[in-house]
Amino acid sequence: NVISALHKSLRGSDPQAGLYWLARMLEAGDDPMYIVRRLVRFATEDVGLADPNAITQAIACKEAVHFLGMPEANTALSQLVVYLATAPKSNAVYTAYKSARDLAKKTSNLGVPMHIRNAPTKLMKDLGYNKDYKYSHDFDYGYHYQKYFPDKLDEITLYTPSLFGFEKEIAKRLEWWDKLKKKQLVLLMQYST
């Protein structure tokens, strides 16, 4: 119950309550490595790419807890709790993975498209592995449209960035790549007709 209270306090952006629940756990003798493991998870589940530095801070705290031990690690854990509580929040990566997981389970029978299969042997090359693969770095903007999903699966959007923190920048990047993709698809349709 107490770790849940800590997690939910951080999700609710309340560093004061987060510090309280952290102190309750530490003063009760709870394992600080268990606490930091949960905070690392929080950094990816609840902050995610809204603040990509959150995972860096969490791993640094894990190292500090491991190196210092208790009671000295209490300040490292407190620093992380305040950082995570005040960070912008997004669970977009968390929900995207759950969607990807569900899709993968339903479509695990679909093979990797031939053009993105690796061909380290002559036999694989003869079988058509890697045929017509476009090396993105050889093209303008380091991009060339190719379908990366299985042939029998439509392309699908699994990750949609939130409107918070660094994910605003990711949304701009995705929009830019999508414009390049649409432009190249128009050109491909023109060439095929």
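What you see is a predicted model; the values in this text were computed from it and never measured.

A. Region of interest: the overall build of the protein. Per the secondary structure count, the protein includes 8 helices and 0 strands. Relative to the compact-globule value of 16 Å for 193 residues, the protein shows a C-alpha radius of gyration of 23 Å, a clear excess of over 25%. Dimensions of the protein, computed from C-alpha atoms along their principal axes, come out at roughly 70 × 35 × 30 Å. For the protein, buried positions account for 31% of its 193 residues. A separation threshold of at least 6 residues defines the contact pool for the protein, and within that pool the share at least 24 residues apart is 63%. One way to put it: in the protein the 26 positive side-chain charges average out to a point 6 Å from where the 21 negative ones average out.

B. Focus on the nonpolar core. In terms of nonpolar packing, the biggest core is built from 25 residues, with Leu6, Leu10, Ile35, Leu39, Leu77 and Leu84 touching the most fellow members. Residue assignment for this core shows that the elements contributing at least two residues are α1 (2–11), α2 (15–27), α3 (32–47), α4 (53–68) and α5 (74–86). Sort the elements by how many residues they give to this core and α3 lands first, with 7 residues. Beyond its immediate chain neighbours, meaning those up to four positions away, isoleucine 35 contacts Leu6, Leu22, Met25, Leu26, Asp30 and Leu77.

C. A look at the environment of leucine 26. Its location among the elements puts leucine 26 in helix α2. What makes leucine 26 buried here is its relative accessible area of 11%. A sequence separation of 47 residues divides leucine 26 from alanine 73, and the C-alpha atoms of the two residues are 9.9 Å apart.

D. α5, seen in detail. Counted at 1.5 Å a residue, the expected span for α5 with its 13 residues is 18 Å, and the 18 Å between its end C-alpha atoms agrees. Residues Ala76, Leu77, Leu80, Val81, Leu84 and Ala85 constitute the buried set of α5. Each buried residue of α5 lies within a common arc of 160 degrees when the element is viewed along its axis, so the set occupies one face. Of the exposed residues in α5, those oriented more than 90 degrees away from the buried face are Thr75, Gln79 and Thr86. Against α1, α2, α3 and α4 lie the buried residues of α5.

E. Structural detail: the packing of aromatic side chains. The full count for this structure, using the stated rule, is 4 aromatic pairs. Taking the centre distance of 4.8 Å and the plane angle of 70 degrees together, the rings of tyrosine 20 and tryptophan 21 count as edge-to-face. A relative accessible area of 22% means that tryptophan 21 is categorised as partly exposed. Aromatic ring contacts, followed pair by pair, group Tyr141, Tyr143, Trp176 and Trp177 into a single cluster.

F. Broad picture of the packing of α2 against α5. Where α2 meets α5, the axes come as close as 9 Å, and the angle between the chain directions of the two elements is 150 degrees. On the basis of the axis angle, α2 is roughly antiparallel to α5. Crossing of α2 over α5 shows right-handed handedness. Across the interface between the two elements, Pro15, Gly18, Leu19, Leu22 and Leu26 of α2 pack against Asn74, Leu77, Ser78, Val81, Val82, Ala85 and Thr86 of α5.

G. Quick look at the environment of histidine 144. Within the fold, histidine 144 resides in the loop between α7 (122–126) and α8 (167–192). C-alpha of histidine 144 to C-alpha of lysine 181: the two residues are 37 residues apart in sequence and 7.7 Å apart in space. Excluding anything up to four places from it in sequence, histidine 144 contacts Lys134, Ser136, Phe139 and Gln184.

Cut-offs applied
- Residues numbered from 1 in each chain as written.
- Predicted model: local features only at pLDDT ≥ 70, side-chain atom pairs only at ≥ 80, totals over all residues.
- Heavy atoms only, no water.
- Helix = DSSP H or I, 4+ residues; strand = E, 2+ residues; numbered from the N terminus.
- Rg over C-alpha atoms; globule rule 2.2 N^0.38 Å.
- Buried < 20%, exposed > 50% of the residue type's maximum accessible area, 1.4 Å probe, protein only.
- Contact = heavy atoms within 4.5 Å.
- Lys, Arg positive; Asp, Glu negative; His and termini not counted.
- Charge placed at Lys NZ, Arg CZ, Asp CG, Glu CD.
- Core = buried A, V, L, I, M, F, W, Y, C linked by side-chain atoms within 4.5 Å.
- Expected span 1.5 Å × (residues − 1).
- Arc of directions from axis to C-beta.
- Phe/Tyr/Trp six-rings, centres within 6.5 Å; stacked < 30°, edge-to-face > 60°.
- Axes fitted to C-alpha atoms, helices over the stretch in contact; angles between N-to-C directions.
- Parallel < 35°, antiparallel > 145°, perpendicular 65-115°, else oblique.
- Left-handed = near helix turned anticlockwise from the far one by under 90°.

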